[in-house]
Amino acid sequence: MAPKPATTAREMAQVETIIGRILQVGVIFSAIVMLIGLALFLVTGYSGYEGDFVPRQMGMILAGTWQLKPYAIMMLGVYCLILTPVLRVVVSIYAFYKEKDHLYVAITTLVLIILLIALAIGVKG
Amino acid sequence: MIHTAIIMLAVGIFAGIAGAILGIGGGMIITPILTLGMGLNIKYAIGASIIAVIATSSGSTIAYLRDNVLNLRVAMFLEIATTIGAIVGALLTGVLDPKYLYLLFGCLLVFSGWNMYRKLRRGSEVLQRVEPDKIAAKLKLNGTYFDKAEMKDIDYQVENVPAGFSVMFGAGVASGLLGIGSGAFKVMALDTFMKMPLKPSSSTSNLMMGVTAAASATVYFFNGAILPGIAVPMALGILGGAVIGSRIMQVLPARWIRIVFIPIILYIGFEMLFKGLGVHF
């Protein structure tokens, strides 16, 4: 057990504010990427790919983004949006570590591992 | 193409506003509009909807973080259950007959309508008496929140952690399977089972939605259920709508908004049920 009763409310509030900031930046960044992709798609009227094809492998999305293909940029934006909550988990691990709350470092790391397993299943499936 | 994008943007704005005001992930509104209204395959609708949930959750979490009522430890601990559930749910969607998805969705909407009605009838918050709980103490789940109405810090304890954990797993499955935030189930687990006060319950559940949705969204992303032409304008609409919604909420009493929405949600719920049963009018 920690010598002081868990952590003080103020410390937790600080951690939560930092996490909020990071989420905010993540959401705004992905919104900008999606917006650029959508604008490009509407202006050119072309997805960058044949027919209804949607790029979903990371390599293809990144290559497509480099070539300014609208669908690739849009998918990149969606992917960044999906990653924002994951980023929150990563930051929380660090925050609990700073608080020397080893139990919650372990619990939060477990959540991250589960999210990585989801990623692995998605890529394989 | 431009046509679809504009419609999706509008759907997103509407869902974002409704989601922010009603405290539902937006997914419950999006899937019916996309399937019943626009005839989209339910699997793509679910894919778009799960992205909507992340957009709504990430947007509103910021407001709740400033309110300082959520319990990060409870959220993280229970996310173990919701994320595993979400993966299971997302994998099930791929193999299940769409008919069952419609049926489940219909039941869910009817349940949510009932749940909103129940909330309407519930009076002001009463702190429930809770027995000291060993697991909760060990996991440091008990917390404090600042109540704006009463202008003071309120300490609370939680109990029944295993039951809450199990309900959270179910909430995760529902979220992954149907592309919803399943906020109602999460609040139920926290508030009814673990006896957490309502305010920290709803903001903690909101925070959990995004992480839960991220687990199933990665599965959907790579298996092709997310169509950028639909998901992107909709997500952008939601982010905008959530901002507008949180402004409206400060002026309009939530009670009236609920009264308006309950019949709509019930109606859509029955419509989805009929579609699942193959009944046409």
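A. Region of interest: the overall build of chain B. The helix and strand tally for chain B stands at 11 helices and 2 strands. Within chain B, the fraction of its 281 residues that count as buried is 58%. Expressed as a percentage of contacts within chain B between residues at least 6 apart in sequence, the contacts between residues at least 24 apart total 82%.

B. Summary view of the nonpolar core. Of all hydrophobic cores here, the largest spans 120 residues; its most connected members are Val 78 of chain A together with Ala 48, Ile 51 and Ala 235 of chain B. No other element matches helix H3 (residues 70–98) of chain A, which puts 14 residues into this core. Apart from residues lying up to four places away in sequence, Ile 51 of chain B is in contact with Val 78 and Leu 81 of chain A together with Ala 217, Ile 226, Ala 231 and Ala 235 of chain B.

C. Broad picture of H3 of chain A. Residues and elements named next belong to chain A. The first and last C-alpha atoms of H3 sit 41 Å apart over 29 residues, in line with the 42 Å expected at 1.5 Å per residue. Largest kink in H3: about 35°, centred on Thr 84, with the proline Pro 85 one to four residues after it. Downstream of H3 by one or two residues, Lys 100 has phi in the positive range, about 60°.

D. Here's a closer look at the environment of Cys 80 of chain A. All names here are of chain A. With respect to the element layout, Cys 80 can be found in helix H3. On the neighbour-count criterion, Cys 80 (18 C-beta atoms within 10 Å) is partly exposed. Taking the C-alpha atoms as reference points, Cys 80 and Met 34, separated by 46 residues in sequence, lie 9.2 Å from one another. Setting aside anything within four residues of it in sequence, one finds Cys 80 in contact with Phe 29, Ser 30 and Val 33.

E. Region of interest: the packing of helix H7 (residues 161–178) of chain B against helix H8 (residues 183–193) of chain B. Residues and elements named next belong to chain B. Two elements in contact, H7 and H8, have axes whose closest approach is 8 Å; the angle formed by their N-to-C orientations is 170°. For the element pair H7 / H8, the angle class is roughly antiparallel. Packed against H7, whose contacting residues are Ala 163, Gly 164, Val 167, Met 168, Gly 170, Ala 171 and Ala 174, the element H8 presents Phe 185, Lys 186, Met 188, Ala 189, Leu 190 and Phe 193 at the interface. Taken together, the residues of the contact of H7 with H8 break down into 10 nonpolar, 2 polar and 1 charged.

F. Broad picture of the interface of chain A and chain B. Listed by partner, the interface residues are 48 residues for chain A and 44 residues for chain B. Elements represented by at least two residues in the side of chain A that touches chain B include exactly helix H1 (9–44), H3 and helix H4 (102–124) of chain A. Sort the elements by how many residues they give to the side of chain A that touches chain B and H1 of chain A lands first, with 16 residues. Looking at side-chain class alone, the side of chain A that touches chain B contains 34 nonpolar, 11 polar and 3 charged residues.

G. Quick look at unusual backbone geometry. All names here are of chain B. In this model, Lys 140 sits at a positive phi of 55°, which is unusual for a non-glycine residue. Judged by C-beta crowding, with 19 C-beta atoms within 10 Å, Lys 140 ranks as partly exposed. Notably, Lys 195 is not glycine yet its phi reads approximately 60°, a positive angle. Relative to the assigned elements, Lys 195 resides in the loop between H8 and helix H9 (198–223).

H. Molecular detail of the confidence of the model for chain B. Residue and element names in this part refer to chain B. When the pLDDT values of chain B are averaged, the result is 81; 86% of them are 70 or greater. Looking over chain B, one finds the lowest element-wise mean pLDDT in strand E1 (residues 143–147), namely 76, and the highest in helix H4 (residues 72–95), namely 92. With pTM at 0.85, the complex prediction returns an ipTM value of 0.85.

I. Fine view of the packing of helix H2 (residues 58–66) of chain A against H3 of chain A. All names here are of chain A. Following both chains from N to C, one finds H2 and H3 inclined at 125°, their axes separated by 7 Å at the closest point. Between H2 and H3, the interaxial angle falls into the category oblique. When the axes of H2 and H3 are compared, the crossing they make is left-handed. Residues Ile 61, Gly 64 and Thr 65 of H2 pack against Tyr 71, Ala 72, Ile 73, Met 75 and Leu 76 of H3. Partitioning the contact of H2 with H3 into residue classes produces 6 nonpolar, 2 polar and no charged.

What counts and what doesn't
Residues numbered from 1 in each chain as written. Chains lettered and ligands numbered in written order. Predicted model: local features only at pLDDT ≥ 70, side-chain atom pairs only at ≥ 80, totals over all residues. Helix = DSSP H or I, 4+ residues; strand = E, 2+ residues; numbered from the N terminus. Buried ≥ 20, exposed ≤ 12 C-beta atoms within 10 Å, placed from the backbone. Contact = placed C-beta atoms within 7 Å. Core = buried A, V, L, I, M, F, W, Y, C linked by C-beta atoms within 7 Å. Expected span 1.5 Å × (residues − 1). Bend = angle between axes of the 7 residues up to and from the residue. Axes fitted to C-alpha atoms, helices over the stretch in contact; angles between N-to-C directions. Parallel < 35°, antiparallel > 145°, perpendicular 65-115°, else oblique. Nonpolar A, V, L, I, M, F, W, Y, C, P; charged D, E, K, R; others polar. pLDDT = per-residue confidence, 0-100. Left-handed = near helix turned anticlockwise from the far one by under 90°.

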